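Here's the letter readout for the chains.
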Amino acid sequence: MKKILGVFLLTSILFSACKKDLTSLNNDPKNPSIVPSYALFTNAQRRLSNTVTSSNVNLNIFRLIEQQWQETTYTDESNYDITTRSIPDGIWNALYRDVLYNFERTKVLIPNDVTGADIQKNEIAITDVMQVYTYYYLVTTFGDIPYTDALDISKPFPRFDDAKTVYYSLLTRLDADIAALNTGAASFGSADVIYGGDVTKWKKFAATLKLKMGITIADLDNAKAKTVVESAVATGVFTSNSDNAQFQYLTSPPNTNPVWVDLVQSARQDFVACSTTMALLKPQTAFADPRLPYYFTVNSTGTYIGADPGSSATFSLFSKPSGPLLVSSSIGKITNPDFPGLLLDYSETEFNLAEAISRGYAVAGSVAGHYNSAVTASVTYWGASATAAAAYLLQPTVAFVTATGGTDLHKIGLQKYLALYNRGWDAWTETRRLDYPVLTAPSTAQTEFPVRFTYPVNEQNVNVTNYNKAATAIGGDLVTTKLFFDKH
Amino acid sequence: MKKSLLTTLCILLLAATQLYAQNHTVTGKVTAKEDGLPVPGVSVSIKGTTTGTQTDVSGRFSLSVPDNTILSFSFIGYITQSVPVSGNTMNVVLVASSQQLGEVVVTGALGISRTRNQQSYAAQQVSGDEVNKTRSSSFVNGLSGKVAGLEIRQNNALGSSTNVVLRGVKSITGNNQALFVIDGVPVNNSNNNSSTQQSGGGGYDYGSPSSDINPDDIESVTVLKGAAASALYGSRGSNGVILITSKKAKKGVGITINSSVSVGEVDKSTFAKYQHSYGAGYGNYYNDPTGYFFYGDVNGDGKNDLVTPTTEDASYGAKFDPNLKVYQWDAFDKTSANFGKATPWVAATNDPTSFFVKPVSNNQSIMITNGTDGGSFKLGFTRNDENGIIPNSSIKKNIVDLGGTYNITSKLSVGGSVNYYNINGVGRPGTGYDGASARNVMTNFRQWWEVNNDVKALKAAYDRTGKNITWNYADPLAGNLTPIFWDNPYYVRYQNFESDTRNRYIGNVNATYKPVSWLTITGRTSLDSYTELDEERKNVSSVGVPYYSRNNKSFSETNYDLLANVDKNLSKSFNLKALLGTNIRKENTQSVYSVTNGGLIVPSVYSLSNSLNTPNAPVEYKGLREVDGIFAGATLTYNNLITLDGTIRRDKSSTLPKANNTYYYPSVAGGFIFSELLKQYTWLSYGKIRANYAQVGADAPVYSVNDTYSIIPPFGSSPQSAVNTTKNNPNLKPERTKSAEVGLELSFFNNRLGFDGSYYATSTFDEILPVNVSTATGYSFSYLNAGTVKNKGIELSLNGTPIRTQDFNWKMTLNFTRNRSKVTELFKDGTGEESKNLELNSYQGGVSINASLNQPFGMIRGTDYKYASNGQKIVGANGQYLQSGPNENIGNSNPDWIGGINNSFTYKGFNLSFLVDIRKGGSVFSTDMYYGLATGLYPETVYTNDLGNPVRNTLANGGGFIRPGVTESGAPNTVRVSASNYGAFGYARLPDKAFVYDASYVKLREALIGYSLPQKTISTLGPIKEVTFQLIGRNLWIIHKNLPYSDPEEGLTSGNLQGYQVGAYPTTRTISLNLKLRF
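Residues numbered from 1 in each chain as written. Chains lettered and ligands numbered in written order. Predicted model: local features only at pLDDT ≥ 70, side-chain atom pairs only at ≥ 80, totals over all residues. Heavy atoms only, no water.

Caption draft 1: Representation of the pattern of salt bridges within the structure. The full count for this structure, using the stated rule, is 72 salt bridges over all chains. Salt-bridge contacts for Asp-152 of chain A lead to Lys-155 of chain A; the nearest nitrogen and oxygen are separated by 3.6 Å. The exposure class assigned to Lys-155 of chain A is partly exposed, which follows from its relative accessible area of 34%. Among the ionic pairs, Glu-536 of chain B bridges to Arg-439 of chain B, the shortest N-O distance being 3.2 Å. Linking Glu-536 of chain B in strand β31 (residues 519-538) with Arg-439 of chain B in the loop between β27 (430-431) and α6 (441-447), this pair joins segments that are 97 residues apart in sequence. Note on accessibility: Glu-536 of chain B and Arg-439 of chain B belong to one class, buried. (Salt bridge = Lys/Arg side-chain N within 4 Å of Asp/Glu carboxyl O. Buried < 20%, exposed > 50% of the residue type's maximum accessible area, 1.4 Å probe, protein only. Helix = DSSP H or I, 4+ residues; strand = E, 2+ residues; numbered from the N terminus.)

Set out below in structure tokens:
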């Protein structure tokens, strides 16, 4: 009897162990399986702004490459060491994974939670414009990149597409987005930190980006550039600083400007002004650039001075990026936590228009007129008065006719370089394209002046075959391989 | 389930009461035939039951028995005797067994005992005394070198985790730690250090939970090495099992007291040595005329003075010159005697070696046991206070062990145990490369230091003020005395310390019912549960953002087991042992992590409400796992000659998708005791060959099937969310391991010489991996069943008794392990494109630990030299080495072999033993050397060059050196390179390969001298039965190593990422004095 009982109990327990459904235990109670599309959008927008704004030496070192800033003690990046800190990986991961893919998922989720076909269409178009913007940095940094196969986990080893093909496809997407944007309907609202969902502004943004992308390929394909630029202008580009695409950071972490994190919150003393940019701002002369106090602080003895590129420097002896948190007397704001990240602005737009006219494109105005507007927009954006801008433009080295540089493009190049201060990534593209001002590699540099970034180590490791094909296709995975748009 | 188990227990109890029978007491004495001396510890039991006792020191026993029973007397090395009870006294004479080795009872999977004859897999047993003899607070460390096939890596920081791997790493990203089981209760040993800590960033090593186990409560440890031995444990047994049998009460009241005091000190061969020729700086580019100093008017005399470049955390500055007077950091400290004074420019008298303290630790334990016919009882308390070699670091443990069994009838017994552990850590050493947080002062001392800084002066400055007065002022001339990169190390230790507390319960209740002599049914519910609070803090005025964080963690694992065991002689020659059982395991892991945001408002107040900005919502985790298993097994033996064994287990896991969540673990094993057929050769005492094959599986990590999004703190009032960077997989299958093993056991000359050898091969396939994908996919990782790792290896252990006399005994044990692993498959995408490398982690310095295709698991990758066809290094036109891309294999973190040699001598009451622990080969990357050689800390950066000049002189002054190698055309390099600025010997100019070192070592791991008072003296001491004094040394001497200034064994944490050092802690030598009293 007891034996039977024992056997019975044992079997019943054995069976009870088999029947249960355990699968529900594997549903994570703390993380959602679905989220609102706009939450993804806001985060991706912030990550994008962080990436182009950052001064983190693991991510964005273009201010150093462009000799706007200079490192003090640990001068590796100022000397073009992009491998020790895997900077290409940092950029690739940030833009593809954290930005592009989250925008991609935003597009997928919009129909789920947005009512109104017009609003859905607007939101998808705006998200796509942000993606085009993001791809612009990838393709002008690396050359051939994954595009048709990208953002698809079923293709863990994506093929790389030809850079020019990608670029032209981006232009086609922009056209479609511009056509899709309906200024009569709403979009993201407050989830859009840049324009608060203003579709009119987004349409201008898309056209202005298109203008920029058109100008970028002027040396590659003048006819195409002309068409793109002219059609962009016809759509309507930025007409004042109030059109600027700015990401307004907040005063407290974790949503501050990343420059504040690196330069103020960390209390490190890694960056000072670089002598290259500083010299062009003509400190201690009667011709000092009106933007000078907005760009830099003074050093411990009250003077503006930059350290030489690539060499070590004592923090206290040199000017620093502006802001009262670094030097209390500074009237600039670069190192303030809520200093906005600038994604696209009116000043560069005017420079692009000046260049377009100089290249003979059918755009209204004159080269000098747009040049003057560009410089004025930059000076006033930074905080100096229009009067100061006008005075500055009267200086012989600045006034368009007599400006430094000789050719139209060099004159534009020099002033654009100064206007793109604190936007090292864009400055780098313009330096490569316009070849002016000429930046000399430090004698201690590890390589020549980099005209592209090498592919990420992770791609080299993981995506071997496609990586090798891409490296061959562009003429070698080197920092000295010129990219498709960089013809001189 | 819980309910049904309870019902079972109740019914078992009821049934038992019916079985009470009439008892009477039998007393007697057991002696040995050869010498007529009493034999203590003989197991006396009523045949066919669990009821029994053991003989005491004088060989006596007393047992209450029913009428007409047969008593069984068994003891290792003697033939078991069965004697019918007649009358109230019985004296038994035991005869030594010629087959003794085969009769040794070894605990196997699920606590089921088998004699060695019946055991067809590799298992090695170590006694509790052996494990525990060094009085180390973590018993696991006591296994190093003592078990073939077991690789133990200990980290040196106080309380840090121990890596315990049997037969090599099998699972590329999964857990490879052996499973710990105490008396049938699985014990959690997962490392719950932060992922940043584990990947080499800053953090604290909170240790391995297995180190909670009370060493004083261990009777023996059995290591089940292969899958066949452990297949009954299901997925968790796939990495081998360490079975711990706790102390059991012997007949009568026994009290054991252990009291020990230890003193530790740093093994200086494992810490930095500094050059004494050059002081602070990175080179000559500051603003005094020489370029080596800061320059400004400090004393107000209108002339510029020399000031130490305090921001420069390197020793590549001005040559020391006692006649040169420099304003150093203490000249700016108003509380210092040197305030306002320029002092001679010389190397510090007290370098960072004087930062270490000599910690005194102590351990007290008492264990009270009582065994009667009706059951047994055990109560123990242990208090362990351990202090570390760096200031303000300690771990205090309180452990209570309570256990009892009660024999309700001769057929039914119940038991239970509760072990309570209370662990309190304060100031655990920071680990890793910590950037702004600077919690690991070793990175400061080993990588970024100015050798002119006197550590005792820094201590005095902290002691005087309690403030963060640092040598690393941001800008002394401008009056900015805040630290730029490094805090005063004493401020770090006394202000920015962590604290943690863990309360843990491990316990079980069980019942064993033996309805008939050949059947035993056991039911058991066991629990391992802990709550832990880890608090970390950084005070205001430290480098980086001050913060307070708290991580509330909880874990519980509950197991419900029901097991039926059959042991039946089928005929005179055949014996069958069979089992059938079920196991339900439930795990619940939770944590809530909160941290202040943006800093602290009020200094020294560590609460979330003291946050400068509004804190983000806490990060919560809740993970549940349940695995339901059923299993069966049978062992058939024929005349002690042949054993055949088979087991099967089926598991169903909650972490796998429904369609794939059930999987099987079969094992078959066989043993053949050929010595039975060779009895004419008397020199051969025992000979057995064994072979087995098993398949085991493993489930997936919790939440790797369904995709989720993460919620990010909102941007103002806008919510934010992101796609996770790992793609989950709804089609995962279990990970599988196939394992085969053959073994040979031999014993000669009456067991004076023994040998046990195994050869094994395992293949782990369909590995559940978060594989690296191109991040252009939008993900970093994607969960797949991909990858195969093969391991094969040899384990040998040899034991001998070279001398055995009445008074003097010399025993020797040798263990040898050699494992070879190879990653034979990673993963392919749909197009057949195959991944060649899986990066497991990348570290500071650009090196990574990898699973590379067709390479051993755990390759170190990084930049290498470029080599000419004859193997010489190629030097470029500038005299510097050419370097490869960032992905060359530059080292293999696995040893060629490991081994241990243990010798023990006993002479009357004295004993002496020592263990030499050896590791041959394997590589380690030293980030400390990578940076420390660049910053000029070490003597290697100061020498007289081939021209007879200091190498750090400028080239113009005859300094510099020529890198050995050839030019690209093959001619010997003749270009002299400068060593006058930082970097020449370190990371800036050399590939990662230059900092990969051989991790071999030979260590005198343990040494012990003990003396037990002779029985004659003891008998005069009243109730005292044993008095033993021991002097114990641990990590006394590193006899040989190739890694300079560090211990090659040191790593960051336990886990799969080994072979990388950063901010390494030196080895602690400990000497302990132990007194053991037994009543």
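Caption draft 2: Highlighting the sheet that holds strand β58 (residues 996-998) of chain B. Residues and elements named next belong to chain B. Within the open sheet, the three strands sit side by side as β58-β55-β61. Their pairing is mixed. Looking at strand neighbours, the two that pair on one side only are β58 and β61 (1060-1061), the edges of this open sheet. The pairing of strand β55 (residues 923-926) with β58 spans three bridges and is antiparallel. The residue bridging Val-924 from the neighbouring strand is Tyr-997, located in β58. (Pairing = 2+ DSSP bridges.)

Caption draft 3: Structural detail: the environment of Asp-1047 of chain B. Residue and element names in this part refer to chain B. With respect to the helices and strands, the residue Asp-1047 is situated in the loop between β60 (1026-1041) and β61. In sequence terms Asp-1047 and Ser-1072 are 25 residues apart; their C-alpha atoms lie 21 Å from each other. For Asp-1047, the contacting residues outside a window of four places in its chain are Asn-156, Thr-270, Lys-1003, Ile-1038, Gln-1061 and Thr-1067. Polar contacts involving the side chain of Asp-1047 include one to the side chain of Asn-156, which spans 3.2 Å. (Contact = heavy atoms within 4.5 Å. Polar contact = N/O pair within 3.5 Å; in protein donor to acceptor, adjacent residues only side chain to side chain.)

Caption draft 4: Geometry of empty space enclosed by the protein. All names here are of chain B. Per the counting criterion, the structure on display carries 19 cavities of 30 Å³ or more. Considering only enclosed or pocket space, the second largest cavity measures out at about 320 Å³ in volume. Around the second largest cavity, the lining is made up of 25 residues, and of these Glu-151, Arg-153, Gly-168, Asn-894 and Pro-895 lie nearest the centre. The leading source of residues in the lining of the second largest cavity is strand β48 (residues 808-825), at four residues. For the lining of the second largest cavity, the per-class residue count stands at seven nonpolar, 13 polar and five charged. (1 Å grid on protein atoms, 1.4 Å probe; cavity = no way out; pocket = protein on both sides within 12 Å on 5 of 7 lines; lining within 4 Å. Points joined across faces, edges and corners; volume = space filled by probe spheres on them. Nonpolar A, V, L, I, M, F, W, Y, C, P; charged D, E, K, R; others polar.)

Caption draft 5: Here's a closer look at the pairing of strand β44 (residues 753-765) of chain B. Residue and element names in this part refer to chain B. Bridge analysis of strand β43 (residues 735-748) against β44 gives 13 bridges, and the strand direction is antiparallel. Along β44, the bridge assignment pairs Val-742 with Tyr-759. If you look at the hairpin formed by β43 and β44, you'll find four residues sitting between the two strands, and Phe-749 has a positive phi there, around 50 degrees. Across 12 bridges, β44 lies against strand β47 (residues 788-804) in antiparallel orientation.

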